[in-house]
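What the coordinates show
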Amino acid sequence: MSHPKEAWSSRLGIILAVAGSAVGLGNFLRFPGLAAQYGGGAFMIAYFISFLLIGIPIGWAEWTFGRHGGSLGYRSSPGIFHAIVKSRYGKFLGTIGLVIPIVIYTYYCYIEAWCLGYALNAAVGNLSQPGLNYGEFFANFTGAMTDGVALRFGIYDVGIFVLIVFVLNFYFIYRGISKGIETVCKYAMPALILIAVIVLVRVLTLGTPDPAKPDQNVINGLGFMWNPRDIAEGLKNPQLWLAAAGQIFFTLSIGFGVIITYSSYLSRKDDVVLSSLTACATNEVCEVGLGGLITIPAAFMFLGAAGIVGQGTFGLGFQVLPQVFARMPGGEIFATIFFILLFLAAITSSLSMLQPGIAFLEEGFGLKRKASVAFLGLVTACGSLFVWYFSKDLKALDTFDFWAGTLMIFVQATILIIVFAWGIGVEKGWQLMHEGAVIRAPSVFKFVIKYVTPTFLLAVFVLFLLNNVFGWNFAFGEAARFEPTSYVRDLIGPEPSQVARAGVLFIGALFVSILTLTHLAGKNWTTRPPSPGRN
Amino acid sequence: MTPGGWISLILSVGGVLTLFSWCIYRVLKAPEREHDLAHIEPQDRAHADE
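Heads up: these notes are all about the structure in this document. (Residues numbered from 1 in each chain as written. Chains lettered and ligands numbered in written order. Predicted model: local features only at pLDDT ≥ 70, side-chain atom pairs only at ≥ 80, totals over all residues. Heavy atoms only, no water.)

Let's shift gears to the side chain of T251 of chain A. Residues and elements named next belong to chain A. By the element assignment, T251 lies in helix α11 (residues 238–251). On the basis of relative accessibility, which here comes to 4%, the residue T251 falls in the buried class. Engagement of the side chain of T251 in a polar contact is seen with the side chain of E287, the distance being 2.6 Å. Beyond its immediate sequence surroundings of up to four residues, T251 is in contact with A22, N27, Y47, N283, E284 and E287. (Helix = DSSP H or I, 4+ residues; strand = E, 2+ residues; numbered from the N terminus. Buried < 20%, exposed > 50% of the residue type's maximum accessible area, 1.4 Å probe, protein only. Polar contact = N/O pair within 3.5 Å; in protein donor to acceptor, adjacent residues only side chain to side chain. Contact = heavy atoms within 4.5 Å.)

What follows is the structure in structure tokens.
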């Protein structure tokens, strides 16, 4: 089957694109919150162990699968599994890798619109008005207080920004891999890092902003984030491991269908070992080196510990930080560029979520770019409209994020690493991985990929299910308690949420549709296999 | 900020910066594969980038 022969124009291009996909709001908002919550030392030990045992190995496996599948003419997760797993059902192993990015896109572009909207509101001074209630502003802007109100189009509303973001994403994705995604990431990633460094310098040179509160200074702000508590005790806490491993897993964008598609546009002679490691390292610099030094110390200096504790990702980013910037000298400028930073981090991620769907439609059904973009645009618009309309308590967004953006990723990543380590075999996988490699991975990773990564990943997944689905309290014996979490109660509890039910129904319908499309595409691949890539 | 906090910060930030610097050095040092990697001309004109 004929399909477009696109490719990255440089090695740095794909590295920046993968890093751009990985760097998102979690780097600047979620990671610092978790590190502060669990105490710098123990959390960072668990975090780096997870980086070595989960992040790097799955990254290598996914890059290798993608490039190998691409050399056989396939670009999408189902297509690549079809090519690699010698079974008529192999293609279905990659189906979730198509569902995840589509569902995540439907709510991620909504969050992206918040960032753009906050940047504009900060620029015109709306976020630094005296007496502004930031919680109320956030609820009004995002529609978190009532369903339907987010469909308004003033500067204080998210509506117009959702439309802008949607059009921007599809414009760039329509331009293709090299002229669209790569061009955006080549400018956006350096700009993002530059802005983060500027904000970092501002935060680290604030000293003691309020002389009346000498304890709230930059050193104590860093201490609040990095001071280790009892490390041995911390490392015995399964919740800490779950938080650290989960953060590594999601921050690197591994295992959900994006990297496998991106790397399919490489040739067999191109390196994946160093490229994957560099993309991971770039993400870590943004997360640990920049995010870890900006958000929490800044919030601590102006609001103290009480202003930070208990804040989630959105609370920290869209309620706490605007207050911080409003009290900071030159705050309007720094608030504006900080939300532009978040917007750049978001758009480089959202773009990556569209490409797997485009690739699947083109290679599975021979659709041309306009048709595939239009079809995917329609599907994602339905999902986004659902999230946009049912904005009360961000219920629709939260439902999508949990069932597709979290749980399904665990499943797809587990499938990926098991197929790599046991399906094709680690020896064969290792050989494929090192074709064209600029550096050699340490041999110990063969053992890690075969035994440690799948075991560790399964352990984290089981822990995640026990905690977030069955509501285990992490106690044993008679003290152990299981109480289904709100995600479960929303579906089958005594007072179910119709929005949550509709959200899960949407994910289920999409999953079944993609299974059907995969079946049909599989017939096309069998009768008219794609021509192998240029190698 | 306790000494443990400084150690935690310096090891974490220093570690990722070192890894990143080494990776970028190796990426820039490695030769680009002309005509292989930089193949950007679509073979199928109907699917050409705009």
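That was the structure; now back to the text.
What follows concerns the packing of helix α15 (residues 331–365) of chain A against helix α16 (residues 369–389) of chain A. All names here are of chain A. Running from N to C, α15 and α16 cross one another at 130 degrees; their axes reach a closest spacing of 9 Å. Judged by the inter-axis angle, α15 sits oblique to α16. Relative to α16, the crossing made by α15 is right-handed. Residue-level contacts link L354, Q355, G357, I358, L361 and E362 of α15 to R369, S372, V373, F375, L376 and T380 of α16. Residue composition of the contact of α15 with α16, grouped by class: six nonpolar, four polar and two charged. (Axes fitted to C-alpha atoms, helices over the stretch in contact; angles between N-to-C directions. Parallel < 35°, antiparallel > 145°, perpendicular 65-115°, else oblique. Left-handed = near helix turned anticlockwise from the far one by under 90°. Nonpolar A, V, L, I, M, F, W, Y, C, P; charged D, E, K, R; others polar.)

All names here are of chain A. Even without being a glycine, D393 presents a positive backbone phi close to 55 degrees. Take D393: it is sitting in the loop between α16 and α17 (395–423). Notably, F474 is not glycine yet its phi reads approximately 65 degrees, a positive angle. In this structure, F474 sits in the loop between α19 (444–468) and α20 (486–492). Classification of F474 by relative accessible area gives buried; the value is 13%.

In this section: the pattern of salt bridges. Residues and elements named next belong to chain A. Summed over all chains, the structure comprises seven salt bridges over all chains. Close ionic contact of R268 with E435 constitutes a salt bridge, the shortest N to O distance being 3.5 Å. A residue pair is termed long-range when its members are at least 10 positions apart, and R268 in the loop between α12 (258–263) and α13 (273–303) and E435 in the loop between α18 (426–433) and α19 qualify at 167 residues. Taking relative accessible area as the criterion, R268 reaches 31% and is therefore assigned partly exposed. (Salt bridge = Lys/Arg side-chain N within 4 Å of Asp/Glu carboxyl O.)

Residues and elements named next belong to chain A. On the surface, a nonpolar cluster with roughly 500 Å² of combined accessible area is contributed by I418, W422, F447, Y451 and L458. Taken together, the elements giving at least two residues each to the nonpolar patch come down to α17 and α19. Residue contributions to the nonpolar patch peak at three residues, all from α19. On the basis of relative accessible area, I418 is assigned to the partly exposed category, the value being 34%. (Patch = residues over 30% accessible without salt bridge, like charges linked within 9 Å, V, L, I, M, F, W, Y side chains within 5 Å. Areas by Shrake-Rupley, 256 points an atom, 1.4 Å probe, with all protein chains shown as cover.)

All names here are of chain A. Helix α14 (residues 313–327) packs onto α13 with a crossing angle of 55 degrees between their chain directions and a minimal axis gap of 9 Å. Considering the angle they form, α13 stands oblique to α14. In the packing of α13 onto α14, the handedness of the crossing is left-handed. Along its contact with α13, which presents T295, I296, A298, A299, F302 and L303, the element α14 presents L316, V320, L321, Q323, V324 and R327. Here the contact of α13 with α14 is built from residues that sort into nine nonpolar, two polar and one charged.

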